[in-house]
Amino acid sequence: MTLKPTLRPTRAAHYLRPGGPWDTPTLDAVLAETTPGAHAEHIASIAGGLRARGVKRGDAVAWQLRNVEQAVVLYRACWRLGAVAVPVHHGMGTGDAAAALAQVEPRVVLTEPEDVDGLSGLGPPVTVAKSAARPADLAVALFTSGSTGTPKAVLHTQRGLAYK
């Protein structure tokens, strides 16, 4: 399954013009400017581990973790690769989580902080300079609570989040 945004604004060309509001760098490039060295190295190492596990640009990487540091690092590592970050709320039940994951068909699913830590060192670090991400890439698939049935994905691009 390929995730695609479902709306293209009628004035998109206006916004995408050079110097226009959507002429932005990737999320990773925006955030890299303020990332301390050790944290940047950790992100690069986890991105390298994801790449070693077969994650490529456009692939979904899902996790169901509490609000821990590893979740933040996963977001950043996904954005570095141009992969789609798919956080599944830690309180989501088994049925809803399975329904959410079926919509995105993730390349990798992580459920414990140790799973994330285990990615470190699996492959060469992926630096900002070697990032495969593009501003138009999907960055995040967030899921609704499923109050009207099964959870539904809400898609956000790198450009949209970087613009905010």
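By convention here, each chain's residues receive numbers from 1 onward along its written sequence. In keeping with the predicted nature of the model, local features appear solely for residues at pLDDT of at least 70, side-chain atom pairs appear and are counted solely at 80 or more, and the whole-chain, interface and lining totals rest on all residues. The basis for the side-chain values is all heavy atoms of the structure; hydrogens and waters are excluded.

A.B. asks: I would appreciate a short explanation of the nonpolar core in the present structure.
C.D. replies: Buried together is how nonpolar side chains tend to be arranged in soluble globular proteins. In this description, a nonpolar core means a group of buried Ala, Val, Leu, Ile, Met, Phe, Trp, Tyr and Cys residues linked to one another through side-chain atoms lying within 4.5 Å. Each residue's exposure class comes from its accessible area (1.4 Å probe, protein chains only) as a fraction of the maximum for that residue type: buried when under 20%, exposed when over 50%, partly exposed otherwise. Counting residues in each nonpolar core, the largest one holds 26 residues, and the members touching the most others are L50, V61, W63, L74 and C78. Looking at this core, the elements with two or more residues in it are helix 3 (37–52), strand 1 (60–63), helix 4 (69–81), strand 3 (108–110) and strand 4 (138–143). At seven residues, helix 4 tops the list of elements feeding residues into this core. Excluding residues within four positions of it along the chain, L74 makes contact with I46, L50, W63, L65, L110, V116 and L119. Of all hydrophobic cores here, the second largest spans 12 residues; its members include A62, V86, M92 and V104. Put simply, DSSP marks the helices as runs of H or I at least four residues long and the strands as runs of E at least two long, and each gets a number from the N terminus on. We call two residues in contact whenever any of their non-hydrogen atoms come within 4.5 Å of each other.

A.B. asks: Would you mind going over unusual backbone geometry with me for this structure?
C.D. replies: What you tend to see is this: most non-glycine residues have negative phi, and most peptide bonds are trans. For E105, which is not a glycine, the phi torsion comes out positive at approximately 45°. With respect to the helices and strands, the residue E105 is situated in the loop between helix 5 (94–104) and strand 3. A relative accessible area of 48% means that E105 is categorised as partly exposed.

A.B. asks: So what exactly am I meant to see when it comes to the packing of aromatic side chains here?
C.D. replies: The description of an aromatic ring pair rests on the distance of the ring centres and on the angle between the ring planes. Working definition: rings of Phe, Tyr and Trp (its six-membered ring) pair if their centres are within 6.5 Å, and the pair is stacked with planes under 30 degrees apart, edge-to-face with planes over 60 apart, and tilted otherwise. Under the counting rule described, the total for this entry stands at two aromatic pairs. On the basis of an interplanar angle of 85° and a centroid distance of 5.1 Å, the ring pair of W63 and Y75 is categorised as edge-to-face. In this pair, W63 sits in strand 1 while Y75 sits in helix 4, placing the two residues 12 residues apart along the sequence. We classify Y75 as partly exposed; its relative accessible area is 24%. When the ring of Y75 is compared with that of W79, the centres are 5.5 Å apart and the planes differ by 45°; the resulting orientation is tilted. Of the two residues, Y75 and W79 both sit in helix 4, four residues apart, roughly one turn of that helix. For W79, a relative accessible area of 10% translates into the label buried. Each residue in the set W63, Y75 and W79 is aromatic and connected to the rest through ring pairs, giving one cluster.

A.B. asks: What should I look at first to understand helix 4 in this one?
C.D. replies: Side chains that are three or four residues apart share a direction in an α-helix, a result of its 3.6 residues per turn. Working rule for helices: expected span equals 1.5 Å times residues minus one. With 13 residues, helix 4 should cover 18 Å at 1.5 Å per step; its first-to-last C-alpha distance of 19 Å lies within 8% of that length. Counting buried residues in helix 4 gives 10 out of 13 residues, a clear majority hidden from the surface. Inspection of helix 4 places Q70, A71, V73, L74, R76, A77, C78, W79, R80 and L81 among the buried residues, and these make up the whole buried set. A positive backbone phi angle near 80° is found at G82, which sits one or two residues after helix 4.

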